[in-house]
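A look at the structure
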Amino acid sequence: MCCEIDKSENLKVVSSDSHFSDFTGVHPSKIKQGKLFLNDIINPRDREDVRRAICKKDSPYVYLDFYIRNKDEEYVFVHCTGNNIEGTTRCRLTLVDVSRSQKRSEELKNRADIMNELIDLVNAGVCLFKVTSDMQFEAIYMNKACYEMFGVAKSAYKTRSYRIGEFIHEEDKSAVFQAVGKAMATKKPIDAELRIKAHGGAVRWCKLGASIHHYDDDGCPIFHAIFSDITDVKMAEEDADEERDLLVKLFKNLPGPLFTADFDAPFILDVVSSDFMKLIGYSRKEFFESYGGDLTKLMTEKEIPVARHSLVVSSDGKNAKATYSIRTKSGKHLIVQDRRRIVERDDGHLASIGILRDVTEKAKRKFETLDI
């Protein structure tokens, strides 16, 4: 719909097409008589902005949006294109009802705001990042947990573009770049653990789950990603590893041919003491790398079922014992007494802590006594 106004007379409408007349509910004859002023039907909050835009000097064309009242006394959102007629105080206006699209835009914006609020409640860093042609990871969106995890102020995040690579620990960058490159090539998601360096020097462990969300107009992939803080878990694992290493070290140096094994695999040994290695005559490398820690590899084929059969667990399930023969590295055959304590691991699985005693001479004396 179109109309022509006179800027010198309070934006008086001096002519219009039938669409504008129908929209406003003012008869064309009354419009020609100067009975309608545009300023009167513009939403009061928009009046000053519209007047300023239309009356701006040296501005032949005007583009603006505002609310205007229709014949039903409802305000409708319109897009306006204005053409100031050179040498006059008049301006031709073309108005398009864009209230539906504007309403839809507001609905989408409200939905986006609600989604952003929900995402901000997620206790993990939610992020969209673009992989540029030079393999830079540019952050497009971060939720509150994400920019706080990276140690970035909200105001700084909103005013500048951050590169995710800036936050990745130097020792983990290569692995992350490879993971992203593989995801781009295979379209498969990323599942990785990495360290990030937040502003201020703090280092945190994160679990990264990411996959390609879509591609931009340049064909660059945009990933959606979730960074979950697993620092406490990693610290606990490291503490547990340190504690285990200390216990293993202590165990290895305890006196006596000691060993540990899973209850379900009693002859596949996990840890052995130094005295155990002296008893069998092999080095740790030979026993664990060549024999896989398998004690049955030191037995003859006939002795293996004997050893397994003779390993008897006590009625209370707390102890076990057996007697069998093994062959040392020097070729010497030993008769050993295997005594074990059954224990429960933290994960609920049973294991055994045992000791081997060389009873060869004792067995010989017993045999010689019986022979006599």
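Reference entry: report on the structure contained in this document.

Okay, the overall build of the protein chain next. When you go through the protein chain residue by residue, the secondary structure sums to 13 helices and 16 strands. Put simply, the protein chain has 372 residues, and 38% of those count as buried. Within the protein chain, contacts between residues at least 6 apart in sequence are counted, and of these 41% link residues at least 24 apart. Accessible surface computed for the protein chain: about 22800 Å², of which carbon and sulfur atoms make up 51%.

What follows concerns a nonpolar patch on the surface. Side chains of Phe263, Val313 and Leu350 sit close together on the surface and give an oily, nonpolar patch of about 210 Å² of accessible area. As for its position among the elements, Leu350 is in strand 16 (residues 350–358). Owing to a relative accessible area of 37%, Leu350 belongs among the partly exposed residues under this scheme.

This brings us to the nonpolar core. Counting residues in each nonpolar core, the largest one holds 28 residues, and the members touching the most others are Phe129, Met142, Phe150, Ile164, Ile190, Phe223 and Phe227. For this core, the secondary structure elements donating two or more residues are strand 6 (125–131), strand 7 (137–142), helix 6 (144–149), helix 8 (170–186), strand 8 (190–197), strand 9 (203–215) and strand 10 (221–229). With four residues, the top contributor of residues to this core is strand 8. Excluding residues within four positions of it along the chain, Ile190 makes contact with Ala179, Val180, Ala183, Leu208, Gly209, Ala210 and Phe223.

Bringing the environment of Phe227 into the picture now. Looking at the secondary structure, you find Phe227 in strand 10. It is 8.7 Å that separates the C-alpha atoms of Phe227 and Met149, two residues lying 78 residues apart in sequence. Setting aside residues up to four positions removed in sequence, Phe227 forms contacts with Ala124, Gly125, Cys127, Cys146, Met149, Phe150, Ile164, Cys206, Lys207 and Leu208.

A sheet is described by the order of its strands in space; here five strands give the open sequence 2-1-5-4-3, paired in antiparallel fashion. Here the strands that pair on one side only, and so sit at the sheet edges, are strand 2 (12–16) and strand 3 (61–69). Neighbour-to-neighbour, the strand axes of the sheet open up by a mean angle of 35 degrees, direction not taken into account. Pairing of strand 4 (residues 75–84) with strand 5 (residues 90–97), which is carried by seven bridges, proceeds in the antiparallel orientation. Each bridged residue has a counterpart across the sheet, and for Asn83 the counterpart in strand 5 is Arg92. Packed on one face of the sheet, helix 4 (residues 44–54) meets strand 1 (2–6), strand 3, strand 4 and strand 5 and runs near 160 degrees to strand 3.

The strand order across the open sheet formed by six strands is 12-11-16-15-14-13, and the pairing between neighbours is antiparallel. The sheet is open, and its two borders are formed by strand 12 (269–272) and strand 13 (312–313), each paired with just one other strand. Sheet analysis places strand 13 next to strand 14 (residues 319–327), joined by two bridges and oriented antiparallel. Paired with Val313 across the two strands is Ala320, which belongs to strand 14.

Turning to unusual backbone geometry, a few remarks are in order. A positive phi angle, near 65 degrees, is found at Glu73, a position not held by glycine. Relative to the helices and strands, Glu73 is located in the loop between strand 3 and strand 4. In the Ramachandran plot, Met135 falls in the positive-phi region, its phi being about 60 degrees despite a non-glycine side chain. Counting through the fold element by element, Met135 comes out in the loop between strand 6 and strand 7.

The rules we used
- Here the residue index of a chain counts from 1 through its sequence in written order.
- Residue-level local features of this predicted model are given only where pLDDT is at least 70; pairs of side-chain atoms are given and counted only at 80 or more, and the full residue set underlies all totals for whole chains, interfaces and linings.
- With hydrogens and water excluded, all non-hydrogen atoms of the structure serve as input to the side-chain values.
- Counting from the N terminus, the helices are the DSSP runs of H or I reaching at least four residues and the strands are the DSSP runs of E reaching at least two.
- Burial classes follow relative accessibility: with a 1.4 Å probe on protein chains only, a residue under 20% of its type's maximum area counts as buried, one over 50% as exposed, and anything between as partly exposed.
- It only takes one pair of heavy atoms within 4.5 Å for two residues to be counted as in contact.
- Here the open area of atoms and residues is found with the Shrake-Rupley method and a 1.4 Å probe, where only the protein chains shown may cover a residue.
- Like charges are joined within 9 Å and nonpolar side chains (Val, Leu, Ile, Met, Phe, Trp, Tyr) within 5 Å, but only among residues with over 30% relative accessible area and no salt bridge; these make up the patches.
- Only one rule defines a salt bridge in this text: a Lys or Arg side-chain nitrogen within 4 Å of an Asp or Glu carboxyl oxygen.
- Put simply, buried Ala, Val, Leu, Ile, Met, Phe, Trp, Tyr and Cys residues joined by side-chain atoms within 4.5 Å make one nonpolar core.
- Strands qualify as paired when DSSP identifies two bridges or more between them.
- Only the stretch in contact is used when fitting a helix axis, every axis being a line fitted to C-alpha atoms; angles between N-to-C directions are given from 0 to 180 degrees.

So far we have only geometry, and geometry alone does not tell us how the molecule works.
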